Amino acid sequence: QVELVESGGGLVPAGGSLRLSCAASGRTFRNYGWFRQAPGKEREFVAGINWSLRTTYYADSVKGRFIISGDNAKTTVFLQMNSLKPEDTAVYYCAGRASYYYGTSFSQGVFDSWGQGTPVTVSS
């Protein structure tokens, strides 16, 4: 059974930090992404990592504040979130793609497995 499980969400004051984790089981993923969905808004891309190309990608809104990384086994992916803002409040989802991908656009359709999400609330 393929599974992605997020953890690490919570309540944090503006300016604070959180580290989200995504643990994968049942399949080896070559690409991971983090997405988020704020109340009343569509799900949006936050950050992605392509193991094959050894590259990372970020939404403009989080560049310089968030860092995506993973362990060598490619079974756990992290999202270090620094300098958090109230507008970062959302449910954060981890996504995985098992097959090779050589594009630079990490839209939702790129991924074939999703976690259940972990909520992040940034208080002002």
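Note that the structure is predicted; figures quoted are calculated from it, not measured. (Residues numbered from 1 in each chain as written. Predicted model: local features only at pLDDT ≥ 70, side-chain atom pairs only at ≥ 80, totals over all residues. Heavy atoms only, no water.)

(A) View of the nonpolar core. Counting residues in each nonpolar core, the largest one holds 27 residues, and the members touching the most others are Tyr 32, Trp 34, Val 46, Phe 66, Leu 79, Met 81 and Tyr 92. Elements represented by at least two residues in this core include exactly strand 3 (18-25), strand 4 (31-37), strand 5 (44-50), strand 7 (66-70), strand 8 (76-81), strand 9 (90-97) and strand 11 (118-123). When residues of this core are assigned to their parent elements, the largest contribution, four residues, is made by strand 3. Within the second largest apolar cluster, seven residues are counted, among which are Ala 95, Tyr 101, Val 110 and Phe 111. (Core = buried A, V, L, I, M, F, W, Y, C linked by side-chain atoms within 4.5 Å. Buried < 20%, exposed > 50% of the residue type's maximum accessible area, 1.4 Å probe, protein only. Helix = DSSP H or I, 4+ residues; strand = E, 2+ residues; numbered from the N terminus.)

(B) Main features of the sheet that holds strand 8. An order of 1-3-8-7 is seen for the four strands of this open sheet, with the pairing classed as antiparallel. The open sheet has two free edges, formed respectively by strand 1 (3-7) and strand 7, since each of these has just one partner strand. When strand polarity is set aside, the average angle formed by the axes of neighbouring strands in this sheet is 15 degrees. Direction of pairing for strand 1 relative to strand 3: antiparallel, over a ladder of five bridges. Following the sheet pairing, Val 5 is matched in strand 3 by Ala 23. (Pairing = 2+ DSSP bridges. Axes fitted to C-alpha atoms, helices over the stretch in contact; angles between N-to-C directions.)

(C) Focus on the pairing of strand 3. Here six bridges tie strand 3 to strand 8, and the two strands are oriented antiparallel to one another. Among the inter-strand pairings, Cys 22 is bridged to a residue of strand 8, identified as Val 77.

(D) Molecular detail of the pattern of salt bridges. Applying the stated criterion across every chain, the model contains five salt bridges. Between Asp 112 and Arg 27 there is a salt bridge, with its nearest N and O atoms 3.6 Å apart. On the criterion of sequence distance, the pair formed by Asp 112 in the loop between strand 9 and strand 10 (113-114) and Arg 27 in the loop between strand 3 and strand 4 is long-range, its members being 85 residues apart. We classify Asp 112 as partly exposed; its relative accessible area is 43%. Here Arg 27 falls in the partly exposed class, since its relative accessible area comes to 37%. Put simply, Lys 63 and Asp 60 hold a salt bridge, and the shortest N to O gap is 3.2 Å. (Salt bridge = Lys/Arg side-chain N within 4 Å of Asp/Glu carboxyl O.)

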